[in-house]
Every structure is written in structure tokens, then in C-alpha cells.
Amino acid sequence: DGGRMGKSLGNAYTLDDLANKGFSPLDFKYFTYSAHYRQKLNFTWDALDAAQTAHRKIVNILATWITDPSFEESEPDAVNIKSFNSAISDDLNMPKALAVLWGVISSTDLKLKTKVATLFEMDKILGLGLEAATKEEAKSRKDIPEEVKRLVEDREIARTQKDFAKADELRQEIEKRGYTIKDTDGGSIVHKN
């Protein structure tokens, strides 16, 4: 929060402290990439929460892409890999490297299969566990029963029609069946409890 961090001040945290608050070490790693290593990084719980959200968003987007029926393996995009490597070689400019990563995600010029291959290639340096987390997320989505998927689709329709009472009712029905639903920019994500 803009001050000095220290054990004597009671504001020094370990990875166990972060895990107890629901953050993974990879969420923290993503957070550290938000500033250049030569600059101060202001730790706040809100900033760590934003990093966790961004990290999960990447995984959710990738899982959506690899579960698309038309998805197939591909080679990474050489131009974006070159830009990414250039950022890394520029005195470990991680914020710039992340900007290249997000540029790939938002690109309208690249096919999904190329985006996936490019992000997985970038992660060989970033070490955010994207491939393993993406495959785990994709597997958990495939294990969802059809009736729960239909409830999720109906809830999405209710949300787009701004019928929030119906959307809440459907959320409760989904939760009764043992699933948790989380709304993201990429759509609703369902997980087994």
C-alpha cells in the first residue's frame, strides 16, 4: 500500500499467506511481471486480485479455444514470438512481454490454433503453467452434464436480456446440482464443487 514492507511492520507475507487467501504462487508470479524488476512494485491485495483475474482469464480463454471443435495443433506465430523475445531481451521487460501476450489474445489476424501455440510458446519463458492449467480447465468443462450446460446457456440468455431475477434463479439451480458458476469477460465458467 505504498509503504515499506517488513516483518516488524506486520505487512510481510509468505506464499503460504497468499495461498490461505486463495492466491496461487503463479498468480503472484504474474503480479511480479506487472513492473520492471528495476522499479518498485507496490503490493496491494487489490493488485494481486487483478493479477489473479488476468491469469485466470488467460487460462479460461485458452480453454475455450482448445475445446472449440475446429481446434487443431499449430505452429507459433513467428512475428509475435520475435516481439516477445525482443521484450525479454530488453533487460527483462516483463510488462512489455505481457503486452505482446495480450496482443496475441486480442488479435483478429491470427487463427485460434496459432494463438494457442504462440501463447504456449511464450509460457515456456513466463512459467505461468498455462498449458497444464488450460488442459485441466478444458477437461473439467467436458465433464459437465448436458443439463447443467443447458442451465448455463439459459442463464447467459437471461443475463443478455437483463432478466437478472431469472439469471439468479438459474444460478441457484446450477449450484443445487453441485456446480459453481463464475462470470468472466469471456463468458460464464462452470466448475464442479
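Up top you'll find the structure we're talking about.
Just so we're clear, the structure is a prediction, and the values are computed from it rather than from any experiment. (Residues numbered from 1 in each chain as written. Predicted model: local features only at pLDDT ≥ 70, side-chain atom pairs only at ≥ 80, totals over all residues. Heavy atoms only, no water.)

Student: Would you explain the overall build of the chain in this entry?
Tutor: A count of helical and extended segments in the chain gives nine helices and two strands. Element order for the chain, N to C, with α for helix and β for strand: α-α-α-α-α-α-α-α-α-β-β. For the chain, the spread of C-alpha atoms along the three principal axes comes to 50 × 45 × 30 Å. Classification of the 193 residues of the chain by burial places 37% in the buried group. Roughly 11700 Å² of accessible area belongs to the chain as shown, and the carbon and sulfur atoms make up 51% of that amount. Charge centroids of the chain, computed over 29 positive and 32 negative side chains, lie 2 Å from each other. (Helix = DSSP H or I, 4+ residues; strand = E, 2+ residues; numbered from the N terminus. Buried < 20%, exposed > 50% of the residue type's maximum accessible area, 1.4 Å probe, protein only. Areas by Shrake-Rupley, 256 points an atom, 1.4 Å probe, with all protein chains shown as cover. Lys, Arg positive; Asp, Glu negative; His and termini not counted. Charge placed at Lys NZ, Arg CZ, Asp CG, Glu CD.)

Student: I'm lost on the packing of helix α8 (residues 146–160) against helix α9 (residues 164–176) in this one. Help?
Tutor: Helix packing geometry: the angle between the two helix axes and the distance between the axes. Running from N to C, α8 and α9 cross one another at 160°; their axes reach a closest spacing of 8 Å. Classed by the angle they form, the pair α8 and α9 counts as roughly antiparallel. Here α8 and α9 pass one another in a crossing that is left-handed. Contacts from V148, L151, V152, D154, R155, A158 and R159 of α8 reach α9 at F164, K166, A167, L170, R171, E173 and I174. In the contact of α8 with α9, the residues fall into eight nonpolar, no polar and six charged. (Axes fitted to C-alpha atoms, helices over the stretch in contact; angles between N-to-C directions. Parallel < 35°, antiparallel > 145°, perpendicular 65-115°, else oblique. Left-handed = near helix turned anticlockwise from the far one by under 90°. Contact = heavy atoms within 4.5 Å. Nonpolar A, V, L, I, M, F, W, Y, C, P; charged D, E, K, R; others polar.)

Student: Please clarify how the nonpolar core should be interpreted in this entry.
Tutor: The tendency in soluble globular proteins is for nonpolar side chains to be buried as a group. Core analysis: the biggest nonpolar cluster contains 36 residues, and L62, L119, M122 and L126 have the highest contact counts within it. Secondary structure elements with two or more residues in this core: α2 (25–32), α3 (45–66), α4 (78–89), α5 (94–106), α6 (112–126) and α7 (130–142). When residues of this core are assigned to their parent elements, the largest contribution, ten residues, is made by α3. Ignoring anything within four residues of it in the chain, the contact list for L62 reads V116, L119, F120, L130 and T134. L170, Y179, I181 and V190 belong to the second largest nonpolar core, which has nine residues in total. (Core = buried A, V, L, I, M, F, W, Y, C linked by side-chain atoms within 4.5 Å.)

Student: Mind showing me how you'd approach α8 here?
Tutor: Look at α8: 21 Å from first C-alpha to last across 15 residues, which is about the 21 Å you get at 1.5 Å a residue. Burial in α8 covers these residues: V148, L151, V152, R155 and A158. Taken down its axis, α8 places every buried residue within 120° of arc, on the same side. In this structure, α8 carries E153 and T160 as exposed residues pointing more than 90 degrees from its buried face. At the exit of α8 stands K162, carrying a positive phi of roughly 60°. (Expected span 1.5 Å × (residues − 1). Arc of directions from axis to C-beta.)

That's the geometry; what it means functionally is another story.
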